[in-house]
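If you want the building blocks of each chain, they are given just below.
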Number of protein chains: 2
Amino acid sequence: MTVKVITVGEDILGANDAKARANKKRLDGHRILTVNIMSSPGAGKTSLILSTIKKLRDKVAIGVIEGDVASSVDAEKVNEMGIPVVQINTAGGCHLEAGMVEKALDDLPLEDIDLIFIENVGNLICPNAFALGEDRRIMISSLPEGDDKPHKYPAMFADTDTVLLNKIDLQPYLDFNSDSFAKVVTGLNPKAVIFPVSCKTGEGMADWFAWLESAVKDKKKK
Amino acid sequence: MTVKVITVGEDILGANDAKARANKKRLDGHRILTVNIMSSPGAGKTSLILSTIKKLRDKVAIGVIEGDVASSVDAEKVNEMGIPVVQINTAGGCHLEAGMVEKALDDLPLEDIDLIFIENVGNLICPNAFALGEDRRIMISSLPEGDDKPHKYPAMFADTDTVLLNKIDLQPYLDFNSDSFAKVVTGLNPKAVIFPVSCKTGEGMADWFAWLESAVKDKKKK
């Protein structure tokens, strides 16, 4: 495994931002809505993508970029649905960078796509600092993680457009306080929209689908 | 927020290892068992520490080092129990390093302590690469995260001594396959001990307490 170490490096962030802007320009040229999905490991990024493909595939042409430290299990699930997908393995790296996405875009049929999901590496800290060229950031937080997550990992919640609060089907078995969660999210990020959902039961998903479809349409008009 | 960026840096890891060895020597001098607890955000690190304090505090003198990106909510909970605790805030950093622990040790009454818990930053990727001077690594994985986590984040599971599989009280409401989880963990790490537990209900915790108390006693004998 390549050993990755944390250092402060504004030059690297600057270079990343330049590549992210280039990705954005390229995606804008195709009028593709690009959504960067971030969360802790196991919060439901892949489940959200799979549910959304099932619901919207007849109306919206979807492509997926899967980011993982190792393995391609998520990409295989997407591939089984007949959806174009590219797997990025970061070999120990804890987030995606714009240069990785740039290469992945070369392997997607951009002419035929309306919406790209980029599933970031499962991590509540570092992905936030790296723009990828996305139009929207979606942060998934799940009930079993606890209602204190926005308080403990504030940067991720502060920079997102939309928070999907997933696994609400487990509410009866958990001490999760939705009001307290929403209060801290709104304090960090007054514009954030919160969708309480269950990818498993489908509860609340209609609002997310409507929001996403509307964003895809808006992007087409631009 | 200080922006942190990933680069490859063997020199930094080497310097970290030297500090980790110095921490280990210092802790060995006091015959303190030191346990580095790692997991995803919300898997139950703090709950495990609090439950263990409750159970063992009459027999074992415990100290705690809390690592977080931001906030001191966990340290406050430990402090309320009258247990010596030091909070490390990494200001965006996604793991603890040995130098941070070195400073924290200065603020703990090492003469009077048998066991130190170091609660690492909630992250399934980077903490693994940074030795802190610990005797044991404990990895917590929780059922709601899914049984595919060892497959997707292998390094963390490969390098741990013990895996606590937490939140088993939620098994009836989840599609978690314990056999499949155990198989991948054992494949990565044949020596790893897996304790299925619920910090919430107490189920399975007796085995963990016994394991830990025995490790504390062994350290005293050395």
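Residues numbered from 1 in each chain as written. Chains lettered and ligands numbered in written order. Predicted model: local features only at pLDDT ≥ 70, side-chain atom pairs only at ≥ 80, totals over all residues. Heavy atoms only, no water.

Student: Honestly, the sheet that holds strand β3 (residues 62-68) of chain A in this entry has me stumped. Any pointers?
Tutor: Neighbouring strands of a sheet are bound in pairs by backbone hydrogen bonds; such pairs are parallel or else antiparallel. Residue and element names in this part refer to chain A. In spatial order, the strands read β4-β3-β5-β2-β6-β7-β8; together these seven strands make up an open sheet with parallel pairing. Only two strands of the sheet have a single partner each, and these edge strands are β4 (85-89) and β8 (193-196). For this sheet the average axis-to-axis angle between neighbouring strands, irrespective of direction, equals 20°. As paired elements, strand β2 (residues 33-39) and strand β6 (residues 136-142) share five bridges and run parallel to each other. If you follow S39 over to β6, its bridge partner there is I140. (Pairing = 2+ DSSP bridges. Helix = DSSP H or I, 4+ residues; strand = E, 2+ residues; numbered from the N terminus. Axes fitted to C-alpha atoms, helices over the stretch in contact; angles between N-to-C directions.)

Student: For this particular structure, what's the right way to read the relation of the copies chain B and chain A?
Tutor: In this structure, two copies of a chain are linked by a rotation about an axis accompanied by a shift along it. Structural alignment of chain B on chain A gives an RMSD of 0.0 Å, achieved by rotating through 180° and translating 0.0 Å along the axis. Interpreted geometrically, this transformation is the action of a two-fold axis. Residue by residue, 100% of the interface of chain B is reproduced at the interface of chain A, so both copies engage with the same surface. (Least-squares fit on C-alpha atoms with pLDDT ≥ 70 in both. Contact = heavy atoms within 4.5 Å.)

Student: Explanation requested: the confidence of the model for chain A in the structure shown.
Tutor: For residues with low pLDDT, the predicted coordinates do not support detailed interpretation. All names here are of chain A. Mean pLDDT over chain A works out to 93, with 95% of the residues at or above the 70 mark. Here residues 1-8 is modelled with pLDDT under 50, and outside its nearest four sequence neighbours on either side it reaches 38 contacts, counting other chains as well. Note on the complex model: pTM 0.92, ipTM 0.89. (pLDDT = per-residue confidence, 0-100.)

Student: Explain empty space enclosed by the protein here, please?
Tutor: The method is simple in principle: a probe with the dimensions of a water molecule rolls over the atoms, and the space it marks as empty is what remains. This model, assessed by the stated rule, comprises two cavities of 30 Å³ or more. For the second largest cavity, the calculated volume is near 70 Å³. For the second largest cavity, the lining is made up of 16 residues, of which A:P41, A:S142, A:E145, B:S142 and B:E145 are closest to its centre. Residues of the lining of the second largest cavity, tallied by class, amount to six nonpolar, six polar and four charged. (1 Å grid on protein atoms, 1.4 Å probe; cavity = no way out; pocket = protein on both sides within 12 Å on 5 of 7 lines; lining within 4 Å. Points joined across faces, edges and corners; volume = space filled by probe spheres on them. Nonpolar A, V, L, I, M, F, W, Y, C, P; charged D, E, K, R; others polar.)

Student: Whenever I open this one, the environment of A:T162 confuses me. Can you help?
Tutor: Residues and elements named next belong to chain A. For T162, the position within the fold is in strand β7 (residues 162-166). For T162, a relative accessible area of 0% puts it in the buried group. Along the primary structure T162 and A182 are separated by 20 residues, whereas in three dimensions their C-alpha atoms are 12 Å apart. Residues within four places of T162 in sequence aside, it is in contact with R137, I138, M139, V193, F195 and W211. (Buried < 20%, exposed > 50% of the residue type's maximum accessible area, 1.4 Å probe, protein only.)

Student: Please clarify how the sheet that holds strand β7 (residues 162-166) of chain B should be interpreted in this entry.
Tutor: All names here are of chain B. Read from one edge to the other, the open sheet built from seven strands follows the order β4-β3-β5-β2-β6-β7-β8, with strand pairing classed as parallel. At either margin of the open sheet sits one strand with a lone partner, and together these are β4 (85-89) and β8 (193-196). Strand after strand, the sheet turns through a mean of 20° between neighbouring axes, direction not considered. The pairing of strand β6 (residues 136-142) with β7 spans five bridges and is parallel.

Student: Is there a simple way to think about the packing of aromatic side chains in this case?
Tutor: Residues and elements named next belong to chain A. If you walk through the whole model with that rule in mind, you get nine aromatic pairs over all chains. On the basis of an interplanar angle of 20° and a centroid distance of 5.7 Å, the ring pair of W208 and W211 is categorised as stacked. Taken together, the residues W208 and W211, both in helix α8 (residues 205-221) and three residues apart, mark about one turn of the helix. Comparing W208 with W211 shows no difference in burial state: the two are buried. Here the aromatic residues F157, F176 and F181 are joined through ring pairs into a cluster of three or more. (Phe/Tyr/Trp six-rings, centres within 6.5 Å; stacked < 30°, edge-to-face > 60°.)

Student: What am I meant to see in the side chain of A:N23 here?
Tutor: You can see A:N23 is positioned in helix α1 (residues 10-29). Ignoring sequence-local partners within four residues, the contact set of A:N23 consists of A:A98, A:V101, A:E102, A:L105, A:L132 and A:G133.

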